[in-house]
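Listed below are the residues making up each chain.
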Amino acid sequence: MTKLNGIDRINTAVFISGTGSNLKKLIKFSQKKNSKFKISLIISNNYRAKGLKYSNIFKIKKKIYKFDSSKNEEKLLIKELKKNKIKIICLAGFMRILPKSFIKSFKGIILNIHPSLLPKFKGLNTHVRAIKNKEKYSGCTVHIVNSKLDSGKIILQKKIRVLKKDTPKTLAKRVLKQEHIIYPKALNKIAVNL
Ligand code: GRF
């Protein structure tokens, strides 16, 4: 726990690979009075990830790891998480699959945001597949990460209509807007119960 504006907050790490728009929304929400979490660490597998800029903007520690499945690196990462008293990890556009051994060794909760209505469209290219499949609805899901890809307990989901004129790009944009709303809510929900 860390005190921020007089309130105890659960230390959270966010793992990113790219733009980091979800990371930004999580940080913004964390600064609110009713937030039960604090983003204390940003981790990336990609030193060029655009989202790493939020480390400087919001003065949050960042660390880069290769995520090449080396046992030594895994140990170092677990050590870093412990050092920062991290109780929750949020994967936010993190494009590596976490090794089972890591998921086992980390004693906290790992959350992920996925751009589909799970259990539909696990894995990549969700919007292309939703449109190809002529789905009436798509959306996004926040779920607990376990050792099976995109299969852990669902915490929150938001459904939106797929429009006739939608392309994967326009659908992705509308779904992302919803991701920005449900991810902080889902994280807060988990943090309140810790
Ligand atoms: C989001 O659509 C997320 O669901 C997916 O990758 C995208 C990441 O966006 N896994 P950002 O990096 O948070 O902007």
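These notes cover the structure that comes with them.

Criteria and cut-off values
- Residue positions are counted from 1 within each chain, in the order its sequence is given.
- Whole-chain, interface and lining totals are the exception, using all residues; otherwise, since this is a predicted model, local features are given only for residues with pLDDT of at least 70 and side-chain atom pairs are given and counted only at 80 or more.
- In computing side-chain values, all of the structure's heavy atoms are included and hydrogens and water are not.
- Note on classification: 1.4 Å probe, protein chains only; a residue is buried when its accessible area is under 20% of the maximum for its type, exposed when over 50%, partly exposed between these limits.
- The helix count covers DSSP runs of H or I at least four residues long, the strand count covers runs of E at least two residues long, and both are numbered beginning at the N terminus.
- At least two DSSP bridges between two strands are required for those strands to pair.
- Look down the strands so they point away from you; if the path from the first strand over the helix to the second goes clockwise, the crossover is right-handed.
- A side-chain nitrogen of Lys or Arg and a carboxyl oxygen of Asp or Glu constitute a salt bridge if their distance falls within 4 Å.

**A short note on the pairing of strand β6 (residues 109-114)**
Thought 1: Burial of β6 is extensive: five of the six residues sit out of reach of the surface.
Thought 2: Pairing of strand β5 (residues 88-91) with β6 involves four bridges; the strand directions are parallel. Residue pairing across strands places Ile-88 opposite Ile-109, the latter belonging to β6.
Thought 3: Crossover connection from β5 via helix α4 (residues 100-105) to parallel β6: handedness right-handed.
Thought 4: Pairing geometry for β6 and strand β7 (residues 137-144), over four bridges, is antiparallel. Looking at the pairing, Leu-111 lines up with Ile-144 of β7.

**Things to note about the pairing of β5**
Thought 1: Along β5, one buried face is formed by Ile-88 and Cys-90 and the opposite face, lined by Ile-89 and Leu-91, is buried too.
Thought 2: For strand β2 (residues 7-16) and β5, the ladder comprises four bridges, and the chain directions are parallel. Bridge pairing in β5 places Val-14 opposite Cys-90.

**What about the pattern of salt bridges?**
Thought 1: Per the stated rule, a full pass over the model turns up six salt bridges.
Thought 2: For the salt bridge of Lys-61 with Glu-80, the shortest nitrogen-to-oxygen distance reads 2.7 Å. On the criterion of sequence distance, the pair formed by Lys-61 in strand β4 (residues 61-64) and Glu-80 in helix α3 (residues 71-83) is long-range, its members being 19 residues apart.
Thought 3: Glu-80 sits in the buried class, given a relative accessible area of 7%.
Thought 4: In this structure, Arg-174 and Asp-166 form a salt bridge, with 2.8 Å as the shortest nitrogen-oxygen distance.
Thought 5: Assessed through its relative accessible area of 28%, Arg-174 is described here as partly exposed.
Thought 6: Judged by its relative accessible area of 9%, Asp-166 falls in the buried class.

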